Protein chains: 2
Amino acid sequence: MSLAQYRPIVWEADHLILLDQRYLPVKEDFITAKTIEDAFTAIKDMVVRGAPCIGFTGIYGLALWIKSQDTLVKQELIAAGEYLKSSRPTAVNLMYEVDRAVDYANSMLQGKKSKEEIYKSIIQFGHDQITSLEKKNQKMADYAAEELKKIYGDRPLRLMTHCNTGFLACGCIGTALGVISNYNKLGKVEQVWVDETRPYLQGTRLTAFELTKEKIPFKIVVEGAASYLMKNKKVDAIFVGADRIVANGDTANKIGTSTLSIVAKHYGIPFFVVAPLSSFDTSLPDGTHIEIEMRPDDEITHFRGQQVGPYGAQTENPSFDVTDHTMITGIICENGIIRPENKNHLLEVVKA
Amino acid sequence: MSLAQYRPIVWEADHLILLDQRYLPVKEDFITAKTIEDAFTAIKDMVVRGAPCIGFTGIYGLALWIKSQDTLVKQELIAAGEYLKSSRPTAVNLMYEVDRAVDYANSMLQGKKSKEEIYKSIIQFGHDQITSLEKKNQKMADYAAEELKKIYGDRPLRLMTHCNTGFLACGCIGTALGVISNYNKLGKVEQVWVDETRPYLQGTRLTAFELTKEKIPFKIVVEGAASYLMKNKKVDAIFVGADRIVANGDTANKIGTSTLSIVAKHYGIPFFVVAPLSSFDTSLPDGTHIEIEMRPDDEITHFRGQQVGPYGAQTENPSFDVTDHTMITGIICENGIIRPENKNHLLEVVKA
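Residues numbered from 1 in each chain as written. Chains lettered and ligands numbered in written order. Predicted model: local features only at pLDDT ≥ 70, side-chain atom pairs only at ≥ 80, totals over all residues. Heavy atoms only, no water.

Peer 1: Could you clarify how one ought to interpret the interface of chain B and chain A in this entry?
Peer 2: Size of an interface, as often reported, equals the accessible area lost when the parts are brought together. Tallying the contact residues gives 56 residues for chain B and 56 residues for chain A. Interface area, chain B with chain A, both sides summed: about 4400 Å², of which 63% is carbon and sulfur. Taken as a group, Tyr 228, Val 308 and Glu 316 of chain B account for 15% of the area that chain B buries against chain A, more than any other trio of residues on that side. At the junction of chain B and chain A, the tally comes to eight salt bridges. For Lys 219 of chain A, the salt bridge goes to Glu 316 of chain B, with nearest N and O atoms at 3.7 Å. For the pair chain B and chain A, the number of links is 24 residue pairs in polar contact (both at pLDDT 80 or more). Of all elements in the fold, only helix 8 (202-213), strand 6 (218-221), helix 9 (226-231), helix 10 (257-267), helix 11 (298-301), strand 13 (306-307) and strand 14 (320-323) of chain B reach the threshold of two or more residues within the side of chain B that touches chain A. Considering every element that reaches the side of chain B that touches chain A, the biggest residue donor is helix 10 of chain B, with six residues. (Contact = heavy atoms within 4.5 Å. Buried area = accessible area lost by both parts, 1.4 Å probe. Salt bridge = Lys/Arg side-chain N within 4 Å of Asp/Glu carboxyl O. Polar contact = N/O pair within 3.5 Å; in protein donor to acceptor, adjacent residues only side chain to side chain. Helix = DSSP H or I, 4+ residues; strand = E, 2+ residues; numbered from the N terminus.)

What follows is the structure in structure tokens.
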């Protein structure tokens, strides 16, 4: 599978092909979803991951259901949507995408479109969502490339990233890792530093897998090595994703992001957040209002079921931290680069 | 075994009892060394770890050999020492302690002391080395307690540490963890933050074990959580050990120490290095002269033999980093507290 075609989610003729992300990077299998039940199970069992990919699987899952029906009935269409949404009840993006697909199918049904037409339109709707995200990601990658050229000219760079933000999560280019992948296509990546991203090791397992697939040179490091690398001038710029960005530019992202940002600031290394506008929540004035989800102890005290820490040891295991906007050189979205040091710049760019 | 008695290395009547540290914290076994071969194997197979403990095992190993002899012969005594030293040829402290014990035994032999007298004197020599280290560690713990009282008064504190620096490594109190243990005995530790210390997890495996044994409340965190904890005002002070401290106060210690120190400085959290004078190397002017050992990829790409990263993935895996002296609030040694911001203070205190 060539680079341009490598995608974790692909619709093919009348079925969906999904990269089984559960055993990456050791085992790289694809599963075929031919029914709505297959799509449901793929979401529920975490064959697919990443908010965008889960949403796309929901849309295509609805298409699979439509295909299986002799006649489309509104009530059954709605029930099929509810069924898909119940595969992962906390996935907001899944709800959003499935609801839109059901509404769209229903409006076509009211408009007396044929089953075959509705089926094809929902497949196209899935394709359109991926294309739309891809365009946004490409825009962000272009803004980032421009910015890097401004700072460093044309020399190949050593870029660092945290967690996983590439095509595995997004279905296409990706956010922070999309920036890196795009810069590599321009021939300007010397090497990527992948931090392992404890406790779930998304860096080691997923980001390293993506970079391997894209043949981009990389090395994995422990998170504690951040100061060592930057002190020894081995990092030119850092790109991370975001779970939520609030009005003043404070950014919630995978635990460790804020720690990395402080080390970067200390050494004067440019630190960028890359995220689409859908990750912005300008209803919150600053990061103190972001609630942080706490995760179970055994993610830290155990490894794949093997006990590592003492019996009964407790942890504090926040899934996210909040990076202060003063540590961020720029927030790159599809509308441009936000400079959080300028107080109102975020709201201006978001509303542009 | 009560707290006061819990030691990884104990001489009992005519044999040595060693805590088998290889399977901590999941399995807590003790092994009995009755011969020099037992002591040799315990060092070689890493039943004991930590430079001080390895040195003590060398001394007691020599005592075990003396006990086994009918008549002491100088050449055989020297050969016994060489044999012990070959158990871990890179352990500088083992060389130092065994050489001293052999010289001491030899001088007694020249002085016509009986085998029994020499045997008892070497055992006592081992005890004395432990007691001497214990006194130094206690002094450091006392200086630290004074300092903490100056900053925070009597309120119980949340203290953070990195890697393992307690009785498991030192045979007695310990350095950074000794400070914490001592402060807990004064009733003034509310909670300890143990960072897991990737890639070898000394925090999760060893420090958490020691704190469990001493019944000091603790929680394990990933290293990336440093900023989260400090931003949320959950850390009052940080104590770490040192592998090497050079003339200007720059300090080599387990990878991650420098990263932690920068986050501490950013949030204004006091950051202390605790190390005996034997860790100082004032022949080097600053940290740029410290050579950093690089470790194999599989410490990061694998976990207990299980592959985690992609096949063939490379890492950069330095065992140490260098913490800049400007990030260190104080270096606590048996002569007092060095303030690295005062340019010549280190040399003054070391030479005091």
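Peer 1: How should I be thinking about the domain arrangement of chain A in this particular structure?
Peer 2: Residues and elements named next belong to chain A. Taken domain by domain, chain A consists of domain 1 (3-131) and domain 2 (138-350). Centre-to-centre separation of domain 1 and domain 2, based on C-alpha positions: 29 Å. The partner domain 2 presents 14 residues to the 17 residues of domain 1 that form the contact. When the two sides are added together, the surface that domain 1 and domain 2 hide from each other amounts to roughly 1300 Å², 65% of it contributed by carbon and sulfur. At the boundary of domain 1 with domain 2, the tally comes to one salt bridge. Glu 28 is the partner of Lys 213 in a salt bridge, and the nearest nitrogen-oxygen pair spans 3.0 Å. On inspection of domain 1 and its partner domain 2, the count reaches four residue pairs in polar contact (both at pLDDT 80 or more). For the side of domain 1 that touches domain 2, the leading source of residues is helix 2 (residues 51-68), giving four residues. (Domains from an automatic or database assignment.)

Peer 1: Quick question: what am I supposed to make of the sheet that holds strand 11 (residues 280-281) of chain A here?
Peer 2: Neighbouring strands of a sheet are bound in pairs by backbone hydrogen bonds; such pairs are parallel or else antiparallel. All names here are of chain A. Spatially, the four strands line up as an open sheet ordered 11-8-9-14, and their pairing is mixed. Looking at the sheet topology across the chains shown, the edges are occupied by strand 11 and strand 14 (320-323). For strand 8 (residues 244-246) and strand 11, the ladder comprises two bridges, and the chain directions are parallel. Directly across from Val 246, in strand 11, lies its bridge partner Asp 281. Contacting strand 9 (251-254) and strand 14, helix 10 (residues 257-267) crosses the sheet at an angle of about 35 degrees to strand 14. (Pairing = 2+ DSSP bridges. Axes fitted to C-alpha atoms, helices over the stretch in contact; angles between N-to-C directions.)

Peer 1: Got a minute to help me understand the packing of helix 1 (residues 36-44) of chain A against helix 3 (residues 74-85) of chain A in this structure?
Peer 2: A packed helix pair is summarised by two numbers, namely the angle formed by the two axes and the spacing between the axes. Residues and elements named next belong to chain A. One way to put it is that helix 1 packs onto helix 3 with a least axis distance of 9 Å and a crossing angle of 25 degrees. Between helix 1 and helix 3, the angle falls in the class roughly parallel. Contacts from Ile 36, Glu 37, Ala 39 and Phe 40 of helix 1 reach helix 3 at Ala 80, Tyr 83 and Leu 84. Of the residues that constitute the contact of helix 1 with helix 3, the class distribution is six nonpolar, no polar and one charged. (Parallel < 35°, antiparallel > 145°, perpendicular 65-115°, else oblique. Nonpolar A, V, L, I, M, F, W, Y, C, P; charged D, E, K, R; others polar.)

Peer 1: Would you mind going over the environment of Leu 211 of chain B with me for this structure?
Peer 2: Residues and elements named next belong to chain B. Looking at the secondary structure, you find Leu 211 in helix 8. We classify Leu 211 as buried; its relative accessible area is 2%. Distance in space between the C-alpha atoms of Leu 211 and Ser 227 is 23 Å, their sequence separation being 16 residues. (Buried < 20%, exposed > 50% of the residue type's maximum accessible area, 1.4 Å probe, protein only.)

Peer 1: It is not clear to me how the pattern of salt bridges should be interpreted in this structure. Could you clarify?
Peer 2: Oppositely charged side chains are able to pair whenever their charged atoms sit close together. By the definition in use, this model includes 38 salt bridges over all chains. Among the ionic pairs, Asp 324 of chain B bridges to Lys 231 of chain A, the shortest N-O distance being 3.8 Å. Note that Asp 324 of chain B is positioned in the loop between strand 14 and strand 15 (330-333) and Lys 231 of chain A in helix 9 (residues 226-231), a pairing that runs across two chains. Taking the relative accessible area as the measure of exposure, Asp 324 of chain B reaches 25% and is therefore partly exposed. The partner of Glu 299 of chain A in a salt bridge is Arg 295 of chain A, with the nearest N and O atoms 2.5 Å apart. A relative accessible area of 33% means that Arg 295 of chain A is categorised as partly exposed. Bridged by salt links that share partners, the residues Glu 82, Lys 85 and Asp 99 of chain A form one connected network.

Peer 1: For this particular structure, what's the right way to read helix 4 (residues 92-110) of chain A?
Peer 2: Helical geometry note: an α-helix holds 3.6 residues per turn, so side chains three or four residues apart project in the same direction. Residues and elements named next belong to chain A. If you check helix 4, its first and last C-alpha atoms are 27 Å apart, about what 19 residues at 1.5 Å a residue would give, namely 27 Å. Considered for burial, the residues of helix 4 that qualify are Leu 94, Met 95, Glu 97, Val 98, Ala 101, Val 102, Ala 105, Asn 106, Met 108 and Leu 109. Taken together, the buried residues of helix 4 touch helix 1, helix 2, helix 3 and helix 5 (115-152). Backbone geometry just after helix 4 places Lys 112 at a positive phi near 65 degrees. (Expected span 1.5 Å × (residues − 1).)

Peer 1: I'm lost on the side chain of Asn 182 of chain A in this one. Help?
Peer 2: All names here are of chain A. Inspection of the secondary structure assignment puts Asn 182 in helix 7 (residues 176-185). Polar side-chain contacts of Asn 182 include one of 3.5 Å to the backbone oxygen of Ala 141. With sequence-adjacent residues up to four places away left out, Asn 182 is seen in contact with Gln 138, Ala 141, Asp 142 and Ala 145.

Peer 1: Would you mind going over the sheet that holds strand 6 of chain B with me for this structure?
Peer 2: All names here are of chain B. The mixed open sheet is built from seven strands, whose spatial order is 6-5-4-7-10-15-16. Across the chains shown, the open sheet's two edge strands, defined by having one partner strand only, are strand 6 and strand 16 (336-338). This sheet shows a mean twist of 25 degrees between the axes of neighbouring strands, independent of strand direction. Across five bridges, strand 4 (residues 157-161) lies against strand 5 (residues 189-195) in parallel orientation. Its bridge partner lying in strand 5, Arg 158 is registered against Gln 191. The strands touched by helix 5 (residues 115-152) within the sheet are strand 4, strand 7 (237-240), strand 10 (271-274), strand 15 and strand 16, with strand 15 carrying the most contacts at an inclination of about 145 degrees. Across the face of the sheet, helix 8 comes into contact with strand 4, strand 5 and strand 6 while running at roughly 160 degrees to strand 5.

Peer 1: Please explain the relation of the copies chain B and chain A as it appears in this structure.
Peer 2: A rotation about an axis combined with a shift along that same axis relates the two copies of the chain. Placing chain B over chain A gives an RMSD of 0.1 Å and needs a rotation angle of 180 degrees, together with 0.0 Å of translation along the axis. Taken together, the turn and the small shift mark the pair as related by a two-fold rotation axis. Of the interface residues in chain B, 100% have counterparts in chain A that sit at the interface too, so the contact is made through matching surfaces. (Least-squares fit on C-alpha atoms with pLDDT ≥ 70 in both.)

Peer 1: Help me understand the pairing of strand 9 (residues 251-254) of chain B, please; the structure alone is not making it clear to me.
Peer 2: Residues in a regular strand project their side chains so that they alternate between the two faces of the sheet. Residues and elements named next belong to chain B. Pairing between strand 8 (residues 244-246) and strand 9: two bridges, direction antiparallel. Residue pairing in the sheet places Arg 244 in a bridge with Ala 252 of strand 9. Of the pairings in the sheet, the one linking strand 9 to strand 14 comprises four bridges and is antiparallel in character. Residue Ala 252 lies in a different strand from strand 14, and its bridge partner there is Val 322.

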